[in-house]
Amino acid sequence: MTRSSRSSTARSPAEGAHVASPGRRRGAESGSESSAATERQFQGEPVSPGFAIGPAFITGEDPTPEPDNCRSTLSPDQERERFSEAVGRSITQLTKLRGKLALLPEESQVEIGPLLDVYQRMLGPSRLQRGVMSRIDDGLTAEAAVHDETEALARVMLVPPDGEKLRGEDAAAAERRAGEFREVGRRLIRNLMRTPFLALGQFPDGAVLVAETLRPADAALIDPSRVAAVVLENGGTTGHTAIMLRALGIPSVIAVHGILNGLAEGTTLVIDGDTGRVICDPAPKTIRQARRHVSAYARERQQLGRLRRLSSRMASGEKIQLQANLELPAELPLIAQSGAAGIGLLRTEFLFINAETLPDEAAQYEIYSGVVSAMGSDPTTIRVLDWGGEKQSEALTRIGFSGDDEDNENPALGLRGIRLLLLHPTLLETQFAAILRASAKGPVQVLLPMITLAGEIVAAREIYERVARRLKRKGVEIGDPLPPLGAMIETPAAALTAEALARYVDFLAIGTNDLTMYTLATDRASAEVASLYDPLHPAVLTMISGVVTAALHERKPVSLCGEIAGDPRITPLLIGLGLRSLSMTASAVPRVKQVVRSSRYEDCHRLARRILAETEGEEIRRLLEEFREG
Ligand code: PEP
Ligand code: MG
């Protein structure tokens, strides 16, 4: 990043995202605060909570050095050697960065650690390495070979071989993956050209970093103790930069269109990372209010850090189990640090998603047993493959498993989850065998995705028990008694028949991400209908309540592992609906625990009863807000 030449004292009065300024109104009302007249408000996407005030430090994207001479005058061996040295230097830099991780807040470690793993894997014996070597053999310089190869890999990510346009979560994932290739490419080229990484050397402590865009690698290098906040003109809320900023705990707002328009270096900014509001040249009254928010936020963070070792017991004595969802094994050490009491949902899709061949029993066992052992006496709930819908796997497609064929206009309503597994039982057998073997290492539960019929559970249990018998016959050690088998309740069919289903399983896990999608007929990955996707819709809440009651009748444990489990604003409602076990993204555990510890069951119960009587999502949100404010 370099300082850009954008700094200017000119002010443009006409910003695209400039919204009505209450500061100006307030100033006019009081009549005494003349600088309120210059206050300007912008609205962006909030990506990392917190309040901050500081002078703007405007930075521009440092261009990647373009390799200017593509044909090498050196021999391929010499270029290969240069490339290997650059790889070595890049790995050393990433290792140093990893060393710094321990100094960052836990949430940062959870987010950044896996990304560094990805970069380091790419620098190992990978497709990227092979591709670069082959381009060097064709006579290119190492710089040009790296540039061309990482660009080619990024393009493959963005444009699937079938030419179909990616949408929603798939498009965001492809963007991220393409960004990872480009980022590794930039690092290698810098190291080949010996162009130093630009640090925020001139950054004044306590300033607000304002930029058009920010690369994840640069975001990872930000020292959160020096940067008050980050404001970006571009960016998406699911991108790695946003994830990093969230993880670093830096109040951040992105997609603030027009913010750089005429913004002068040093202009005072107020940033509200909870609402996405950015105020330039705040009036004295606005600054005073913002200062109060800043102090309150700093106090909150300190308290959260202390929560890790404290129990998740309510003020009225009830124990609430708070567990973590795990997407990648790399997150594992950080889950333990979050204070989570086990893994409530291990999504096994990561084993298949980028695989060219199917992971066999041994490969799966290695992963599952590693996780189970690391969790010690805390339980691990492993969900069997939830494939189908928009997801694609070369390994699965190659051998004929596809949840998304051409005849299927509604992949989310097609061969998803358990349907696909029962159609291809060898896949399920292999996974069950690996999980059962891992269950000898510690407490495990097994979860079946996308259940709509009791018959699916019966069929899966038959396979489960058959695999267990076979392993025992062979003298293979497995958990004794057999790990409990549970069902995801994530379709309206399952929610409405939960009591009957509960008779066939040992536990239930409510998946509100899909339950919301299927109940509201609203694609969870579509931006077009994002405003209709509401897990607090009365229909969804009624179903959650019904499932909890059904589980209670059948005396079966029930948990909730959709995204709302990690939203502390919703925690009192979920507890009031009768849930005693929530599983969420690891970084959310402390905030949720804080709410649990400060709430009384009776109050939560009363809140839930009131909310269940409501018909409007807006009113439900208002009641939650009112409860939060006490
Ligand atoms: C859910 O649907 O709520 C869930 C937890 O499963 P996933 O997000 O993996 O579909
Ligand atoms: Mg689901």
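Residues numbered from 1 in each chain as written. Chains lettered and ligands numbered in written order. Predicted model: local features only at pLDDT ≥ 70, side-chain atom pairs only at ≥ 80, totals over all residues. Heavy atoms only, no water.

A. A look at helix 4 (residues 127-137). Residues of helix 4 that are buried: L128, Q129, G131, V132, M133 and I136. Phi for G139, located one or two positions after helix 4, is positive at around 105°. (Buried < 20%, exposed > 50% of the residue type's maximum accessible area, 1.4 Å probe, protein only. Helix = DSSP H or I, 4+ residues; strand = E, 2+ residues; numbered from the N terminus.)

B. Region of interest: the environment of F432. With respect to the helices, strands and loops of the structure, F432 is situated in helix 15 (residues 425-438). Spatially, the C-alpha atom of F432 lies 9.9 Å from that of R466, the residues being 34 residues apart in sequence. Once you skip the residues sitting within four places of it in the chain, F432 turns out to touch V384, V446, L448, A460, I463, Y464, V467 and L485. (Contact = heavy atoms within 4.5 Å.)

C. Structural detail: the coordination of the magnesium ion (ligand 2). The coordination sphere of the magnesium ion (ligand 2), as far as protein atoms go, consists of E490 (OE) and D514 (OD), spread over 2.0 to 2.1 Å. Residue E490 is located in the loop between strand 15 (485-489) and helix 17 (492-496), and its partner D514 is located in helix 19 (residues 512-520); the two are separated by 24 residues in the primary sequence. (Donors = N, O, S within 2.8 Å, 3.2 Å for Na, K, Ca; no water.)

D. Local environment of the nonpolar core. In this structure, F432, I544 and L573 are the most contacted members of the largest nonpolar core, which totals 93 residues. Those residues in contact with I544 that lie beyond four places of it in its chain are I510, T512, L560, I564, L577 and L579. Counting 29 residues, the second largest nonpolar core, distinct from the first, contains L94, L128, M133 and L140. (Core = buried A, V, L, I, M, F, W, Y, C linked by side-chain atoms within 4.5 Å.)

E. Region of interest: the site of ligand 1. Surveying the vicinity of ligand 1 reveals 13 residues, the closest of which are R347, R383, G511, N513 and R524. G511 places a main-chain nitrogen or oxygen 3.4 Å from an oxygen atom of ligand 1. Coverage of ligand 1 by the protein amounts to 97% of the 290 Å² it exposes when considered alone. The set of elements that each furnish at least two residues to the shell around ligand 1 consists of strand 12 (343-347) and helix 19. The dominant element in the shell around ligand 1, judged by the number of residues it contributes, is helix 19, at three residues. (Near = heavy atom within 4 Å. Polar contact = N/O pair within 3.5 Å; in protein donor to acceptor, adjacent residues only side chain to side chain. Areas by Shrake-Rupley, 256 points an atom, 1.4 Å probe, with all protein chains shown as cover.)

F. Structural context of the pattern of salt bridges. Summed over the entire model, instances satisfying the criterion amount to 25 salt bridges. For the salt bridge of R82 with E79, the shortest nitrogen-to-oxygen distance reads 2.8 Å. With R82 and E79 both in helix 2 (residues 76-101), this residue pair falls three residues apart, about one helical turn. By relative accessible area, R82 is classed as partly exposed at 23%. Note on E79: relative accessible area 2%, which makes it buried. Where R177 meets E180, a salt bridge forms, and the shortest distance between an N and an O atom there is 3.1 Å. Placement of both R177 and E180 in helix 6 (residues 168-193) is noted, with a separation of three residues, approximately one turn of the helix. (Salt bridge = Lys/Arg side-chain N within 4 Å of Asp/Glu carboxyl O.)

G. Local environment of the packing of helix 19 against helix 20 (residues 538-553). Contact geometry of helix 19 with helix 20 gives a least axis separation of 9 Å together with a crossing angle of 125°. If you check the angle between helix 19 and helix 20, you find them oblique. When you trace helix 19 past helix 20, the crossing you get is right-handed. Each of T512, L515, T516, T519 and L520 in helix 19 lies in contact with helix 20, whose residues at this interface are A539, V540, M543 and I544. Residues that form the contact of helix 19 with helix 20 fall into these classes: six nonpolar, three polar and no charged. (Axes fitted to C-alpha atoms, helices over the stretch in contact; angles between N-to-C directions. Parallel < 35°, antiparallel > 145°, perpendicular 65-115°, else oblique. Left-handed = near helix turned anticlockwise from the far one by under 90°. Nonpolar A, V, L, I, M, F, W, Y, C, P; charged D, E, K, R; others polar.)

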